[in-house]
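Chain residues, written in single-letter form:
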Amino acid sequence: MKLTIIGTGYVGLVTGTCFAEMGNNVYCVDNNLEKIANLKNNILPIYEPNLASLVKSNQEKGDLIFTGDLKEALDSSNVIFIAVGTPEKEDGSVNLDYVYNVALEIAEVISHDSLIVIKSTVPVGTAFKVKELIESNLDKDIKIDIASNPEFLKEGVAIDDCMHPDRVIIGAQNDEVFDTLKELYSSFIVNSDRFVLMDVKSAEMSKYVANALLATKISFMNEIANICEKVGANVKNVRLGIGSDKRIGYDFIYAGCGYGGSCFPKDVKGLINTAADNGYEPKILANVDEVNENQKLVLVNKIVDRFGEDLSGLTFAIWGLSFKPQTDDVRCAPSLVIASEIIERGGKIQAYDPKATDNFQQNFDSENIVYENSKYDVLNDADALVLITEWKEFRALDLDELAKRLNQKIIFDGRNIYSPKIRKAGFELYQIGC
Ligand SMILES: NC(=O)C1=CN([C@@H]2O[C@H](COP(=O)(O)OP(=O)(O)OC[C@H]3O[C@@H](n4cnc5c(N)ncnc54)[C@H](O)[C@@H]3O)[C@@H](O)[C@H]2O)C=CC1
Ligand SMILES: O=C(O)[C@H]1O[C@H](OP(=O)(O)OP(=O)(O)OC[C@H]2O[C@@H](n3ccc(=O)[nH]c3=O)[C@H](O)[C@@H]2O)[C@H](O)[C@@H](O)[C@@H]1O
């Protein structure tokens, strides 16, 4: 098939590349021309495992074309995906400016009947507004079909999620559209049960509900972790105890120092906002967000309990700045809150992340933080190690190296990855809910 993906960020670049890998001819369009120029030279704007080699090979075979020229792309495509950002506004509502601007740009240059597919996460009703906006700005007689096809990939494992989706949700208004999108996705999906076909509004809603439910599971478990601490139970054991019930499952009930990322925080607030706009005040969702904001402070509270409110004269080694392992994304990362709280109390920070240091530096302005290129260098003369993101390279601890480099044998483990046995080697270990 001949496709255009508008927006070459985490979602657009990954899905466009995966479609090209399956033999489709894909134009990836972005209005950030520097990004496009770099991509043409196989320089990627993001770190995502295995993506670089796929981009290179698909450009070489001519199936993946990066361009800033929307007309060139649309002239050669029948199916157009919109995958631009839908960030949070200050009041928590969803900023749809990028989506609506794309709709106007499409209306200006489109030259033949096309299917427009909304892949960005958008509030219920947005797809129909996009269709209206395009149609009302067209000066030619062109048929526009609209579909909602939300994306469920996770950063860090995005290629795998895209190539082997649990399900593909398609919201559309006629069989022709369902058939076109089913044909497109059939190269990823061997089992037809994985297609979930529905009306457009329900598809848009499903995306928010999936993210809100996953966020709810995490906040629920973080709340339980905080209760576990009060009563002397261990949340890791509790997870095993409840996860074995198939109705509950083991996934997304890991307690920690809060969820981050570009989607859970904004999508929970986006859904709250949509509900409010329609005269409903959600109670559970509001607390999911509040629990998460407080959870980002749990490690800081433990640091203060151990060292006192005034952290001046102390240095903290941070391992992990990205919002989760295997990505360079720091959007809404707990590390941003934890680092700023430590510095506000007079502490200094030495930080290391395998991939996210540059992005973190661009989002965090302080003279009291230095960045190192190795997980061991940050430990030198630090008073404690603070583990925020559980990259694999942090899992196996070299206790001798830690003891040699740290001033004090103290570890704050924000993801509960270390064994309490390290206490036998004289380390103080603080975890979440254990
Ligand atoms: N990041 C993720 O893991 C996931 C994101 N989503 C959703 O997908 C959407 C996109 O998210 P990301 O890829 O993370 O965003 P992003 O911010 O990484 O990328 C968006 C891209 O769109 C481009 N853009 C903006 N306006 C444009 C225009 N008029 N013409 C051409 N390009 C334009 C930007 O330059 C940028 O490269 C959002 O709605 C998000 O909620 C859904 C599932 C996963
Ligand atoms: O809409 C989106 O953008 C995407 O949002 C999430 O994906 P992502 O944000 O990439 O990463 P997750 O693996 O879901 O992790 C999100 C956050 O939750 C935290 N988390 C996750 C699981 C858990 O048990 N506990 C926990 O604290 C992670 O550390 C991370 O900060 C969803 O998992 C994807 O399905 C969805 O497509």
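Every chain is numbered independently, its residues counted from 1 as its sequence is written. Chain A is the first chain written and ligand 1 is the first ligand written, with later ones labelled in order. The predicted nature of this model means local features are confined to residues of pLDDT at least 70 and side-chain atom pairs, given and counted, to a pLDDT of 80 or more, with totals for whole chains, interfaces and linings taken over all residues. For the side-chain quantities, the full set of heavy atoms in the structure was used; hydrogens and water were omitted.

Put simply, DSSP H or I for four residues or longer makes a helix, DSSP E for two residues or longer makes a strand, and each gets a number counted from the N terminus. Along the chain, the regular secondary structure elements total 16 helices and 14 strands. Taking 434 residues into account, the globule formula puts the C-alpha radius of gyration at 22 Å, and the chain, at 23 Å, falls close to it. Along the longest, intermediate and shortest principal axes, the C-alpha atoms of the chain span 75 × 45 × 40 Å. Counting only residues that meet the buried cut, the chain has 54% of its 434 residues in that class. In this description, contact between two residues means that some pair of their heavy atoms is separated by no more than 4.5 Å. Restricting the contact set of the chain to residue pairs at least 6 apart, pairs at least 24 apart contribute 73%. By element, 48% of the accessible surface of the chain is carried by carbon and sulfur atoms, the whole surface being about 19,400 Å². Charged residues are defined here as Lys and Arg on the positive side and Asp and Glu on the negative side; His and the ends of the chain fall outside this count. In plain terms, the charge of a residue is placed at NZ if it is Lys, CZ if Arg, CG if Asp and CD if Glu. Here the chain carries 45 positive and 65 negative side-chain charges, and the mean point of each set is 7 Å from the other. A radius of gyration in this sense is built from C-alpha atoms; the matching globule rule multiplies 2.2 Å by the number of residues raised to 0.38. Think of it in three bands: residues with accessible area under 20% of the maximum for their type are buried, residues over 50% are exposed, and the middle band is partly exposed, with areas taken using a 1.4 Å probe on protein chains only. To be clear on the numbers: accessible area is Shrake-Rupley with a 1.4 Å probe, and residue cover counts the displayed protein chains and nothing else.

On to the site of ligand 1, then. Lining the immediate surroundings of ligand 1 are 27 residues, of which Val11, Asp30, Lys35, Thr86 and Lys266 lie closest. For ligand 1, the accessible surface in isolation is 830 Å², of which the surrounding protein chains cover 89%. Sorting the residues of the shell around ligand 1 by element identifies helix H1 (10-21) and helix H5 (97-109) as the ones contributing at least two each. A per-element tally of the shell around ligand 1 places H5 first, with 3 residues. Residue classes follow a fixed rule: Ala, Val, Leu, Ile, Met, Phe, Trp, Tyr, Cys and Pro count as nonpolar, while Asp, Glu, Lys and Arg count as charged, and any other residue, Gly among them, counts as polar. Residues that form the shell around ligand 1 fall into these classes: 9 nonpolar, 10 polar and 8 charged. Each residue is tested against the molecule or strand, and it is near if at least one of its non-hydrogen atoms lies within 4 Å.

Despite not being glycine, Phe252 has its phi angle at roughly 60°, a positive value. Of note in the backbone geometry, Asn416 takes a positive phi value of approximately 55° without being a glycine. We classify Asn416 as buried; its relative accessible area is 8%.

Angles shown run from 0 to 180 degrees and are taken between the N-to-C directions of axes, each axis being a line fitted to C-alpha atoms and, for helices, limited to the stretch in contact. One can describe the packing of helix H6 (residues 126-136) onto helix H9 (residues 200-231) by two numbers: an axis separation of 8 Å at closest approach and a directional angle of 125°. Relative to H9, H6 is oriented oblique. Facing Thr126, Ala127 and Phe128 of H6, the residues of H9 in contact are Val200, Lys201 and Glu204. Small angles under 35 degrees read as roughly parallel and large ones over 145 as roughly antiparallel, with 65 to 115 read as roughly perpendicular and the rest as oblique.

Bringing the site of ligand 2 into the picture now. The environment of ligand 2 is made up of 18 residues, and the closest members are Leu153, Lys207, Asn211, Cys263 and Phe323. Between ligand 2 and the protein, one listed contact pairs an oxygen atom with a backbone N or O atom of Leu153 at 2.7 Å. Here ligand 2 has 700 Å² of accessible area as a free molecule, and 90% of this is covered by the chains. In terms of residue count, the dominant contributor to the shell around ligand 2 is H9 (3 residues). Within the shell around ligand 2, the residues separate by chemical class into 10 nonpolar, 2 polar and 6 charged. Two domains each donate at least three residues to the shell around ligand 2, and these are domain 1 (2-200) and domain 2 (295-430). Throughout this description, a polar contact denotes any pair of N or O atoms lying within 3.5 Å of each other; where both atoms belong to protein, one of them has to be capable of donating a hydrogen while the other can accept it, and for residues adjacent in sequence the pair is counted only when both atoms sit in side chains. Boundary definitions for the domains trace back to an automatic or database domain assignment.

Looking now at the domain arrangement of the chain. Often, the extent of an interface is quoted as the loss of accessible area upon association of its parts. On domain assignment, one finds that the chain holds domain 1 (2-200) and domain 2 (295-430). Between the C-alpha centres of domain 1 and domain 2 the distance comes to 38 Å. At the interface, 8 residues of domain 1 touch 9 residues of domain 2. As a working definition, buried area equals the accessible area (1.4 Å probe) given up by two parts on being put together, with both sides summed. Between domain 1 and domain 2, a total of about 710 Å² is buried, with carbon and sulfur atoms accounting for 44% of that surface. Among the residues domain 1 hides against domain 2, the three largest losses belong to Tyr10, Tyr47 and Glu155. Together they make up 77% of the total. We count a salt bridge whenever a side-chain nitrogen from Lys or Arg sits within 4 Å of a carboxyl oxygen from Asp or Glu. At the junction of domain 1 with domain 2, the criterion picks out 1 salt bridge. Across the salt bridge formed by Glu155 and Arg331, the nearest N and O atoms sit 3.8 Å from each other.

Quick look at the packing of H1 against helix H3 (residues 51-60) now. Interhelical geometry of H1 versus H3 gives an angle of 50° and a closest axis separation of 10 Å. Classified by the interaxial angle, the pair formed by H1 and H3 is oblique. Both H1 and H3 take part in a crossing whose hand is left-handed. In contact with Leu13, Val14, Thr17, Ala20 and Glu21 of H1, H3 contributes Leu51, Leu54, Val55, Ser57 and Asn58. Broken down by class, the residue content of the contact of H1 with H3 amounts to 6 nonpolar, 3 polar and 1 charged. Left-handed describes a crossing in which the near helix is turned anticlockwise from the far one by less than a right angle; the clockwise case is right-handed.

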